[in-house]
Amino acid sequence: MTLLDGKALSQKIEIGVGIGVKELKSRTGSVPGLAVVLVGQDPASAAYVNMKKKACDRVGFYSVTHEMPEDISQEAIENTIVMMNKNPNIDGILIQLPLPKQIDTTKILELVDPSKDVDGFHPYNVGRLATGLNGFVPCTPLGVMELLAEYKIDVKGKNCCVVGASNIVGKPMAALLLNANATVEICHIFTDNLKKHTLNADIILVGVGVINLIKEDMVKEGTIIIDIGINRADNGKLVGDVDYENVSAKCSYITPVPGGVGPMTIAMLLSNTLQAAQINYKEKN
Ligand code: NAD
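Residues numbered from 1 in each chain as written. Predicted model: local features only at pLDDT ≥ 70, side-chain atom pairs only at ≥ 80, totals over all residues. Heavy atoms only, no water.

**Student:** Would you explain the overall build of the protein in this entry?
**Tutor:** Each helix and strand counted, the protein has 10 helices and 11 strands in total. In terms of C-alpha radius of gyration, the protein reaches 19 Å, essentially the compact-globule figure of 19 Å for 285 residues. Seen through its principal axes, the protein has C-alpha atoms that stretch 55 × 40 × 40 Å. Residues classed as buried in the protein amount to 48% of the 285 residues present. Put simply, 68% of the contacts in the protein that link residues at least 6 apart link residues at least 24 apart. Approximately 13,900 Å² of the protein is accessible, and the part contributed by carbon and sulfur atoms is 54%. A gap of 5 Å separates the mean positions of the 27 positive and 31 negative side-chain charges of the protein. (Helix = DSSP H or I, 4+ residues; strand = E, 2+ residues; numbered from the N terminus. Rg over C-alpha atoms; globule rule 2.2 N^0.38 Å. Buried < 20%, exposed > 50% of the residue type's maximum accessible area, 1.4 Å probe, protein only. Contact = heavy atoms within 4.5 Å. Areas by Shrake-Rupley, 256 points an atom, 1.4 Å probe, with all protein chains shown as cover. Lys, Arg positive; Asp, Glu negative; His and termini not counted. Charge placed at Lys NZ, Arg CZ, Asp CG, Glu CD.)

**Student:** Please explain the environment of Asn212 as it appears in this structure.
**Tutor:** Assignment of secondary structure puts Asn212 in the loop between strand S7 (203-206) and strand S8 (223-227). Residue Asn212 is classed as partly exposed on the basis of its relative accessible area, which comes to 34%. Between the alpha carbons of Asn212 and Leu111 there is a distance of 38 Å; along the sequence they are 101 residues apart. In contact with Asn212, other than residues within four places in its own chain, are Gly240, Asp241, Val242 and Asp243.

**Student:** Help me understand a nonpolar patch on the surface in this model?
**Tutor:** Residues Tyr48, Met51, Ile230 and Leu238 make up a contiguous nonpolar surface patch of about 320 Å² in total accessible area. In this structure, Tyr48 sits in helix H2 (residues 43-59). A relative accessible area of 31% places Tyr48 in the partly exposed class. (Patch = residues over 30% accessible without salt bridge, like charges linked within 9 Å, V, L, I, M, F, W, Y side chains within 5 Å. Salt bridge = Lys/Arg side-chain N within 4 Å of Asp/Glu carboxyl O.)

**Student:** I keep staring at the nonpolar core and nothing clicks. Help me out?
**Tutor:** A general trend in soluble globular proteins is that nonpolar side chains are found buried together. Residues Leu177, Leu205 and Ile226 are the most contacted members of the largest nonpolar core, which totals 49 residues. Residue contributions to this core peak at nine residues, all from helix H10 (residues 261-284). Aside from chain neighbours lying at most four places away, what touches Ile226 is Leu4, Val144, Leu148, Ile203, Ile204, Leu205, Val206, Thr255 and Val261. Counting residues in each nonpolar core, the second largest holds 17 residues, with Ile93, Leu99, Ile108 and Val112 among its members. (Core = buried A, V, L, I, M, F, W, Y, C linked by side-chain atoms within 4.5 Å.)

**Student:** For this particular structure, what's the right way to read the pairing of strand S11 (residues 251-254)?
**Tutor:** Along any regular strand, the residues point their side chains to alternate faces of the sheet. Alignment of strand S1 (residues 2-3) against S11, held across two bridges, turns out to be parallel. Among the inter-strand pairings, Leu3 is bridged to a residue of S11, identified as Ile254. (Pairing = 2+ DSSP bridges.)

**Student:** Which parts of the structure should I look at to understand the pattern of salt bridges?
**Tutor:** When the charged atoms of two side chains lie near each other, side chains of opposite charge can form a pair. Enumeration over the complete set of coordinates arrives at seven salt bridges. In this structure, Arg58 engages Glu14 in a salt bridge whose closest nitrogen and oxygen atoms are separated by 2.6 Å. You can see Arg58 sitting in helix H2 and its partner Glu14 sitting in helix H1 (residues 6-28), a full 44 residues away along the chain. Here Arg58 falls in the exposed class, since its relative accessible area comes to 53%.

Have a look at this one:
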């Protein structure tokens, strides 16, 4: 069994982004800028935003976090986005999800300028991904594809079982795999007999948020496992959606949690933001 080391690869990608930032700065005098909207006090969201901010600092980006109270109005968030859309120092805009119940998330995501949509959540970029066209791709599934490529795992013709069908993880993951010519199944909460589907898979990619969802008897010998889930176990440790201890012995490759997909997500955010800055600069000149 080989570990798919997302931590090591993300560090390599960060070095590349850092070089890109220096190159852009020497050519244009400006560095990529990322703006983050963080609403409310959710500790997990705050921790993710903090990690993203630190990563921006490491590679030399300009970054700003707009922290807003839980009871913020739709209009106030929209005004902030309009402002960031116009701000020439901002190349990427990230709305930390989930937003509070009173907020229409779809409307907020649709307001982000697609050329600054470094999370790839705007329907324009979602549509481009679905059609196999270039555009911004959600960072987590993009990170998974990079990790597979790093280990020379070609998904073409492979049976891939994506478990979890959210707009930010499962659906874009499935689209990327399909665009790379895999045979893709998407399973979710209403899937009958999940085991029947996972047992047929050469690659299982699970992002659900349920500890130990994927057990030993659901995996055939030699399967590749990508564990996208992040859960806090009773003992306080971070764990994925896979019963790692019992499943890993049966796999050919597996991502650890932590140290697998998580760091890749942040690396892809940096990479998408650098790309946005490079494109924005070209368009301005
Ligand atoms: P979500 O709640 O939006 O979606 C969960 C999906 O899982 C849904 O499609 C649902 O139908 C499915 N599901 C739920 N229970 C199921 C079950 N018992 N069997 C099969 N399918 C089931 O969640 P999300 O935002 O997509 O996040 C999913 C997980 O991925 C979470 O653990 C989250 O923390 C993690 N995540 C990790 C990263 C990363 O960087 N590694 C990034 C984003 C999300």
